[in-house]
Amino acid sequence: MMQKTLRTIAANALLLLQLHGHAQTNQSIRDTLPLEHGAHRIGNRTDADMARWRSQRLGQFIHWGLYAIPGGEWKGKTYNGAAEWIRSWKEMPQQEYDNLYKQFNPVNYQPEEWAQQANDMGAKYMIITTKHHDGFCLWPSKYSKYSVAASPWKKDIIGPMVDAYNKKGIDVYLYFSIIDWNQPDWRAALKTPADSIAYQRFKVFVKNQLTELLQRYPTVKGFWFDGTWDDSWKNDGSFSDELEQYLQRLHPGLIIGSRLRADEKGARHFDSNGRLMGDYEQGWERKLPEKSADVHGNDWEGVMTIPENQWGYNARWAGHIKSSNELIEMLVKSASLGGNFVINFGPKSDGTFRTEEVQRMQEISRWMKINGSAIYGGTDAGFAKQDWGYYIRKSGTDSVYMVVCNVPVSGQLRVKLPAQTTLVNVTSLEKNIISGTPELIGKNEYFIHLDHKNQDAPFVILLQTSKDSRDNSGFEKAKT
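For the protein chain, an unreviewed UniProt entry supplies the name alpha-L-fucosidase and the organism Chitinophaga eiseniae. The Sequence similarities (unreviewed entry) comment attached to the protein chain in UniProt states, word for word, "Belongs to the glycosyl hydrolase 29 family."

Our focus in this paragraph is the overall build of the protein chain. For the protein chain, the helix and strand inventory stands at 11 helices and 18 strands. The globule rule puts the C-alpha radius of gyration for 480 residues at 23 Å, and the 25 Å found for the protein chain is close to it. Principal-axis analysis of the C-alpha atoms gives the protein chain an extent of 80 × 55 × 40 Å. Relative to its 480 residues, the protein chain shows a buried fraction of 53%. Look at the contacts in the protein chain between residues 6 or more apart in sequence, and 69% of them connect residues 24 or more apart.

The strand order across the open sheet formed by 8 strands is 7-6-5-4-1-10-9-8, and the pairing between neighbours is parallel. The open sheet is flanked by strand 7 (255–256) and strand 8 (281–285), the only strands paired with a single partner. The pairing of strand 6 (residues 222–226) with strand 7 spans 2 bridges and is parallel. Of the residues in strand 7, the one forming a bridge with Gly 222 is Ile 255.

Reading the values: rules and limits
Residues numbered from 1 in each chain as written. Predicted model: local features only at pLDDT ≥ 70, side-chain atom pairs only at ≥ 80, totals over all residues. Heavy atoms only, no water. UniProt positions renumbered as here; feature names shortened; annotations may be inferred. Helix = DSSP H or I, 4+ residues; strand = E, 2+ residues; numbered from the N terminus. Rg over C-alpha atoms; globule rule 2.2 N^0.38 Å. Buried < 20%, exposed > 50% of the residue type's maximum accessible area, 1.4 Å probe, protein only. Contact = heavy atoms within 4.5 Å. Pairing = 2+ DSSP bridges.

Structural data, given as structure tokens:
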């Protein structure tokens, strides 16, 4: 009776850990600092809005603004940084940059076409730069004269984009930079009493613009914040805390990642006790975790550029340019680790995408049309990883997808099932991939033989598994 009670207690404890899905469930034991503006929640959000975000897995990021006009170049010289930072370059006179709004006229901007391309690619949500560090607003903000309303284009960019993407069933998130080089009250650091007074006005400005965005575009699902690393912002954790709570009251269900907040000690993303602040972890920029333990059970998102480090349009792509297969493998890896993957695109100033970006979208589209079921709603399978690629479990099911990125020269894919798991069925999402039935080679271990070893893209095999406490393998445990 005592053993049964202990087993019940242990099972319930394990269930609680799984429900929280987060290493932070035990952090209350380790907390040493009393924080008023640290994390307000232990574990991941479990509401429907967050569950939807969690299932989407593939997103599109669009960096677009005045920086698309110079495209990383100015008067015959090339800026080696990310194109959207060109205003900070010593070769770019700030006044000349600030007057680029007089040239912003994207005559070929077709938001319906953008949304169709994203939909074809399989993106379930998108993020658009409403305002980058230069302060230029792609919507006609009543709080700033430095907006699209003052440009030759004159019309709102954001509204038609939100409508077009929503019509395709794609959720929209709004990127918003806290840094604003054009706003006279913005300060990177507060060195004088006058700086402090100016920054108080700036905080009102920020709150007003964010409120305006939610009121103008009520269907948006969340904010993606940037430029929150300055001392002025980090040293005012109370404001970012209050701002987050205000926005989520104003727009129930709003999703905000970990980039907005700082606690009262200046810690970002994670508070001074190590708890995640925000609804998901945003530390994965142009990099991905290597293993599940790296994300500690957090919801997370990785954002990736196609070239090495270009977000906004740059006329010259330098360094390694990722192929569609590389991006697909990164998407697969992200899903296998329970995260979302967002691919960035930087349209030209006329409103069109460069040829290489369109090609990536089309190639990913062809792959997702066949294999998207392995990605959406995917999460960590709990299987031992093999060198041929990644396992992805369809959340809440016994369906596990093998996404094969590296075919062994033997043409045999090793599959090792967890203990007390049996293989029920094996099928490929494309025809003529598998040869014969899986070969049992050890306890809970199989070879899946391939019919064709030469593949020009990752391919997917679906494993149907079930729990089975019996040992039917007939293999004797090695005696050492």
